[in-house]
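# Summary of structural features
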Amino acid sequence: MSVKEQLLLYPFLKVVICFGFGIWLGNFLFPIVPAWVWILVAFAVLFVWLVIRKHCFLKSSLLLLVSFVLGVGWISIHRLKQVKQITSVEQTYDAVLLSDPIRHGKVVQTRLLVLNGRLKNAELQASILRDTIENAYKILQVGNIIRCNSVVQSLESENIFIPPYYKKYLQSKGVVATTFIYYDDWCLSSASLKELSWINQLRIKALLLRKETLKMYEKQETTSDIISVLDAMTLGEKGYLSSETKNIYSASGTSHLLALSGLHLGILFLLCETFIKRLRNAIVEGALELTLIWGYVFVTGMSITILRAAIMLSLYILANVMKRKPLMLNSLCLTIFILLISNPFSLWDVGLQLSSVAVLSIFIFYKPINNFFLSFRLMKGWLQRKIISVISASLAAQIGVAPLIMHYFGTFPVYFFMTNLIAIPLSTIILYGSVLLYIANALPVVQLLLLKGEFMLTHILNLFLRYISTLPMAQVSHINFSFMHILLYYIIVFCISKIIHYAIKVDRSLVNHL
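This text gives an overview of the structure that appears in the document. Computed from a prediction, not measured in an experiment: that's the story for all the values here. (Residues numbered from 1 in each chain as written. Predicted model: local features only at pLDDT ≥ 70, side-chain atom pairs only at ≥ 80, totals over all residues. Heavy atoms only, no water.)

## Observations regarding the overall build of the protein
Broken down by element type, the protein carries 17 helices and 9 strands. Its C-alpha atoms give the protein a radius of gyration of 25 Å, near enough to 24 Å, the size a compact globule of 514 residues would have. Taking all 514 residues of the protein together, 43% fall into the buried category. When the accessible surface of the protein is split by element, carbon and sulfur atoms take 68% of a total near 28,400 Å². Each charge class in the protein can be summarised by its mean position, and for the 45 positive and 25 negative side chains these summaries are 14 Å apart. (Helix = DSSP H or I, 4+ residues; strand = E, 2+ residues; numbered from the N terminus. Rg over C-alpha atoms; globule rule 2.2 N^0.38 Å. Buried < 20%, exposed > 50% of the residue type's maximum accessible area, 1.4 Å probe, protein only. Areas by Shrake-Rupley, 256 points an atom, 1.4 Å probe, with all protein chains shown as cover. Lys, Arg positive; Asp, Glu negative; His and termini not counted. Charge placed at Lys NZ, Arg CZ, Asp CG, Glu CD.)

Now the structure itself:
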């Protein structure tokens, strides 16, 4: 298939690249060029596109230009809205806690969702000064509603002193401002969640449900590292992970197990499909699968990586229901476009970048790598094929994400392919066990046995990864990988893949000629 045919087959690829580039450029141009100018330009180009009836190439180019200009305008509108909505003055408001407070020195930090006033529906990163006498802050937990009196500073404010990378991180998570609350400037409130939109109300209920599930783990007598890994792996709660545990998973190349993503949702989807496909009704099957997938997404806190996987799976399910062949690259691009429309700052979310590039890399490189390994005679058995499949997927994903890992974290795990051979099957069993825990809710004895099994498997996984992380050269550290290095890396990978593809094509033509 030629490059032109590939571009026609995946139209969303060009659109999302132009839209994303527009967001990136618009972030630098704000506030030099007003948002209304970009919207006016977009409508002007769109008008020209509608008037032109011939010249297909020109129409396609104008449509991509519209996508680019809309990207610039969209990020400008979002930044302008934050500047106008938030003023650095003292104000009183009610807010609900979106996360359990975490102690940092003299303060506890948490995420707040404002219920009323000018800041209604805004998310704040709050630092609450600890009262060391009464320790009132200890009663705070996710779902509590508090009344605060504090100065709220927009992330767009020139007077805010936070590192640029942390500002981008907060914005990618939907946070629009920060605030510092003194220990005597807050109290519990009786305000109602009904003031929020239905989606935010559902979100709070999901967080409370997750909190109840976390309590089920915490009631058991076991070590904190086992509970924290289970919390992260099954429910997406990474707040309790120790620095040591994070370093072990990073050094062994299995950090993706602690961040809910397509791997986790894909495992659960396969489990659901195994039982649901017996219904033999595509519409009912699709409806049940969508309900279970999005139910899990809500319970786990709707992180952007799990949202990306859920939207892609939803498109796959809808395609099956309509008896259409799903195109993974189109689904990926449409998913990224939806997420960028929802929050343009998601472009700088490291988790979204890593998960999207991993999917794209698997799409491009998995099949050639897998076919290369299967060409050997010793790789014909069922077990060998499964092992090769895991290795191929790990290598394919690593080709894409390696430069991003080195750029953002300055490290590279050497034994990632070996650890994933053990870690992925173990994590799959752990995830299946967590599903069975919910099913066995009415049978306490069975549930307790399943929980003990979960703890044992997680302990084995932690011991194995700890051993891998202590091996010589387990992780290459202190890597300085700039944006230009990333660009050069991808150009080299592209050139090498084209050379290999051309060599295979020439080899096949020679074989056919002979």
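## A look at helix α9 (residues 262–276)
Compared with the 21 Å implied by 1.5 Å per residue over 15 residues, the 20 Å span of α9 between its first and last C-alpha is a close match. Those residues of α9 that sit buried are His264, Leu265, Ile267, Leu268, Phe269, Leu271 and Ile276. For α9, the secondary structure elements touched by its buried residues are α7 (224–235), α10 (282–299), α11 (304–321) and α15 (416–439). (Expected span 1.5 Å × (residues − 1). Contact = heavy atoms within 4.5 Å.)

## Focus on the packing of α9 against α11
One way to put it is that α9 packs onto α11 with a least axis distance of 8 Å and a crossing angle of 40°. When the axes of α9 and α11 are compared, the pair comes out oblique. The way α9 lies across α11 gives a crossing that is right-handed. Here α9 contributes Gly262, Leu265 and Phe269 to the contact with α11, which in turn contributes Ile306, Arg308, Ala309, Ala310, Leu313, Tyr316 and Ile317. (Axes fitted to C-alpha atoms, helices over the stretch in contact; angles between N-to-C directions. Parallel < 35°, antiparallel > 145°, perpendicular 65-115°, else oblique. Left-handed = near helix turned anticlockwise from the far one by under 90°.)

## Side note on the nonpolar core
Core analysis: the largest hydrophobic core is formed by 24 residues, its most contacted members being Tyr217, Met233, Tyr249 and Leu461. With 7 residues, α7 is the largest single contributor of residues to this core. Look past the residues within four positions of Tyr249 in its chain and what remains in contact with it is Val229, Met233, Thr254, Ser255, Leu258, Leu461, Asn462 and Leu465. Formed by 21 residues, the second largest nonpolar core is a distinct cluster that contains Leu112, Val114, Leu140 and Val152. (Core = buried A, V, L, I, M, F, W, Y, C linked by side-chain atoms within 4.5 Å.)

## Describing a nonpolar patch on the surface
A contiguous nonpolar surface patch, about 440 Å² in accessible area, is contributed by Leu488, Ile492, Ile496, Ile500 and Ile504. With respect to the element layout, Ile500 can be found in helix α17 (residues 483–513). (Patch = residues over 30% accessible without salt bridge, like charges linked within 9 Å, V, L, I, M, F, W, Y side chains within 5 Å. Salt bridge = Lys/Arg side-chain N within 4 Å of Asp/Glu carboxyl O.)

## Digging into the packing of aromatic side chains
The full count for this structure, using the stated rule, is 10 aromatic pairs. Through pairs of rings, three or more aromatic residues link up here, namely Phe21, Trp24, Phe28 and Phe68. Above the face of the Trp348 ring, Lys168 is positioned so that its terminal group lies 5.3 Å from the ring centre. (Phe/Tyr/Trp six-rings, centres within 6.5 Å; stacked < 30°, edge-to-face > 60°. Lys NZ or Arg CZ within 6 Å of the ring centre and 35° of its normal.)

## Section: the state of the cysteines
By the definition in use, this model includes 0 disulfides. A disulfide-free cysteine, Cys333 has its sulfur positioned 11 Å from the sulfur of Cys18, the nearest such atom. Exposure remark for Cys333: the relative accessible area of 4% places this residue in the buried category. (Disulfide = S-S within 2.5 Å.)

## Remarks on the environment of Ser427
Within the element layout of this structure, Ser427 appears in helix α15. Taking the C-alpha atoms as reference, Ser427 lies 18 Å from Thr305; in sequence the two are 122 residues apart. In contact with Ser427, other than residues within four places in its own chain, are Met233 and Leu257. There is a polar contact of 2.8 Å between the side chain of Ser427 and the backbone oxygen of Ile424. (Polar contact = N/O pair within 3.5 Å; in protein donor to acceptor, adjacent residues only side chain to side chain.)

## As for the packing of α7 against α15
One way to put it is that α7 packs onto α15 with a least axis distance of 10 Å and a crossing angle of 80°. Considering their axes alone, α7 and α15 lie roughly perpendicular with respect to each other. For the pair α7 and α15, the contacting residues are Leu230, Met233, Thr234 and Leu235 in the first and Ser427, Ile430, Leu431, Ser434 and Tyr438 in the second. Partitioning the contact of α7 with α15 into residue classes produces 6 nonpolar, 3 polar and no charged. (Nonpolar A, V, L, I, M, F, W, Y, C, P; charged D, E, K, R; others polar.)

## What about the environment of Gln141?
Position of Gln141 among the secondary structure elements: in the loop between β4 (123–129) and β5 (145–154). It is 7.0 Å that separates the C-alpha atoms of Gln141 and Ser99, two residues lying 42 residues apart in sequence.

## Describing the pairing of strand β3 (residues 107–114)
Of all 8 residues making up β3, 7 are buried, and the element is well covered by its neighbours. Bridge count for strand β1 (residues 90–97) against β3 is 3 bridges, and the pairing is antiparallel. For Leu97, the partnering residue across the bridge sits in β3 and is Leu112. Two elements, strand β2 (residues 102–104) and β3, share 3 bridges in a ladder whose sense is antiparallel. Residue pairing in the sheet places His104 in a bridge with Val107 of β3. In this antiparallel pair of consecutive strands, β2 and β3, the connection spans 2 residues, and Gly105 shows a positive phi of 65°. Bridge count for β3 against β4 is 7 bridges, and the pairing is antiparallel. From the neighbouring strand, Val108 faces β4, where its bridge partner is Ile128. (Pairing = 2+ DSSP bridges.)

## Some remarks on unusual backbone geometry
Located in the positive-phi region is Asn121, a residue other than glycine, with phi close to 75°. Mapped onto the elements of the fold, Asn121 is located in the loop between β3 and β4. Accessibility expressed as a relative area gives 35% for Asn121, which makes it partly exposed. Not every positive phi belongs to a glycine, and Lys323 is a case in point at roughly 60°.

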